[in-house]
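Next come the chains, spelled out residue by residue.
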Amino acid sequence: KLPELNRRRRVYVEEVEDGLAKIPGLSPIPSVPGAQRGGFYGFPVHYDAAKAGIPLDRFIQSLRDRGLTANANPYPPLHTLPYFARGFDLFTRGRGPLAEGWKGYQPDDLPVTARMVKELLFLPVLSDPVEGAAQAVLNILREAAQ
């Protein structure tokens with residue numbers, strides 16, 4: 001069942017991403033050419049409040065009011081997590097690339113990353129999307145963007 005479920009999930013995500021081009025302030029997260037999605041645990045898209053004309057929290061509330069479950073990014077930037085912030089020994093016994101003399105990342109070391117994680121909108125991931133699901137999501141996104 002998994003290959004067929006993943007095929008339908010991929011079609012759903014790609015249809016939604018294609019439709020984002022017509023909605024101000026929303027755009028897909030680019031991927032490397034030739035890459036194929038392998039996991040469907042989150043569906044982030046980029047939200048530009050200046051282009052959308054509405055703050056992210058108000059946009060999310062508008063989506064929820066219309067029955068679409070959406071959330072702001074729930075994840076902290078990876079470089080702020082202890083594993084990266086304090087450095088790590090990738091290969092053990094001091095042989096990792098960041099082990100010797102590594103002081104760890106500081107929260108302000110990656111300002112673009114820090115800004116971008118605040119501009120992510122997580123759309124619903126459908127485990128078994130039905131035909132028309134992408135258009136239903138896009139319709140709600142368009143309504144909320146007006």
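Sequence order as written defines the numbering, with residues in each chain counted from 1. In keeping with the predicted nature of the model, local features appear solely for residues at pLDDT of at least 70, side-chain atom pairs appear and are counted solely at 80 or more, and the whole-chain, interface and lining totals rest on all residues. Working from all heavy atoms in the structure, the side-chain values ignore hydrogens and water.

Chemist: Which residues make up the pattern of salt bridges, and what values go with them?
Modeler: Salt bridge, as used here: a side-chain nitrogen of Lys or Arg that lies within 4 Å of a carboxyl oxygen of Asp or Glu. Considering all chains together, one arrives at 5 salt bridges under this definition. Arg8 is paired through a salt bridge with Glu4; the nearest N and O atoms lie 3.2 Å apart. Remark: Glu4 and Arg8 occur in helix 1 (residues 2-19); sequence separation between them is 4 residues, near one turn of the helix. The classification of residues rests on relative accessible area computed with a 1.4 Å probe and restricted to protein chains. Under 20% of the type maximum is buried, over 50% is exposed, and intermediate values are partly exposed. Among the residues examined, Arg8 registers a relative accessible area of 27% and is labelled partly exposed. When its relative accessible area of 34% is taken as the criterion, Glu4 is described as partly exposed. With its nearest N and O atoms 2.3 Å apart, the salt bridge here joins Asp128 to Arg8. Of the two residues, Asp128 is situated in the loop between strand 4 (120-123) and helix 6 (133-145) and Arg8 in helix 1; the sequence distance between them amounts to 120 residues. Through salt bridges with shared partners, one network takes in Glu4, Arg7, Arg8 and Asp128. Labels follow the DSSP assignment, with helices taken as runs of H or I lasting at least four residues and strands as runs of E lasting at least two, numbered in each case from the N terminus.

Chemist: Talk me through the layout of surface pockets; I want residue IDs and the actual numbers.
Modeler: Taken as a whole, the largest pocket encloses approximately 380 Å³ of empty space. Elements with a minimum of two residues in the lining of the largest pocket: helix 1 and strand 2 (43-47). Residue type decides the class: Asp, Glu, Lys and Arg count as charged, Ala, Val, Leu, Ile, Met, Phe, Trp, Tyr, Cys and Pro as nonpolar, and the leftover types, Gly among them, as polar. The residue inventory of the lining of the largest pocket, partitioned by class, reads 10 nonpolar, 4 polar and 2 charged. The volume enclosed by the second largest pocket comes to roughly 150 Å³. Throughout, the protein atoms alone are placed on a 1 Å grid, and a set of points is a cavity if a 1.4 Å probe fits but cannot get out or a pocket if it is open with protein on both sides within 12 Å along at least five of seven lines; lining residues have an atom within 4 Å of a point. Arg10, Glu14, Glu17, Pro28, Ile29, Pro30, Ser31, Ala35, Gln36 and Arg37 together form the lining of the second largest pocket. No other element matches the 3 residues that helix 1 contributes to the lining of the second largest pocket. Grid points are joined across faces, edges and corners, and a volume is the space filled by probe spheres set on the points.

Chemist: So what's going on with the pairing of strand 2? Which residues, and what values?
Modeler: As a general feature of sheets, a regular strand has side chains that alternate between the two faces. Buried residues dominate strand 2, accounting for 4 of its 5 residues. Any two strands with at least two DSSP bridges between them are considered paired. Strand direction decides the pairing type here: strand 1 (residues 26-28) and strand 2, joined by 3 bridges, are antiparallel. Paired with Ser27 across the two strands is His46, which belongs to strand 2.

Chemist: Lay out the packing of aromatic side chains in plain terms, naming residues and giving numbers.
Modeler: Here is the rule: rings of Phe, Tyr and Trp (six-membered ring for Trp) pair when centre to centre is within 6.5 Å. Planes less than 30 degrees apart are stacked, more than 60 are edge-to-face, and the remainder are tilted. In total, this model carries 3 aromatic pairs according to the counting rule given. For the ring pair Tyr12 and Phe43, a centre distance of 6.0 Å and an interplane angle of 75° mean the geometry is edge-to-face. Placement of Tyr12 in helix 1 and of Phe43 in strand 2 is noted, with a sequence separation of 31 residues between them. For Tyr12, a relative accessible area of 4% puts it in the buried group. Seen from their ring centres, Tyr75 and Phe122 are 5.8 Å apart, and the 65° between their planes marks the pair as edge-to-face. With a gap of 47 residues between them, Tyr75 in the loop between strand 3 (71-72) and helix 4 (82-85) and Phe122 in strand 4 connect regions that are remote in the sequence. Residue classification places Phe122 among the buried residues on the basis of a relative accessible area of 13%.

Chemist: Give a detailed account of the side chain of Asn73, specifying residues and quantitative values.
Modeler: Considering the arrangement of structural elements, one finds Asn73 in the loop between strand 3 and helix 4. Relative accessible area serves as the criterion here: at 17%, Asn73 is assigned to the buried category. Within the structure, the side chain of Asn73 is placed 2.9 Å from the backbone oxygen of Tyr75, a separation counted as a polar contact. In terms of polar contacts, Asn73 uses its side chain to reach the backbone carbonyl oxygen of Val117, at 3.2 Å. When neighbours within four sequence positions are excluded, Asn73 is seen to be in contact with Val117, Leu120 and Phe122. Here a polar contact is taken to be a pair of N or O atoms separated by no more than 3.5 Å, where protein atoms must pair a possible hydrogen donor with a possible acceptor and residues adjacent in sequence count only if both atoms sit in side chains. We call two residues in contact whenever any of their non-hydrogen atoms come within 4.5 Å of each other.

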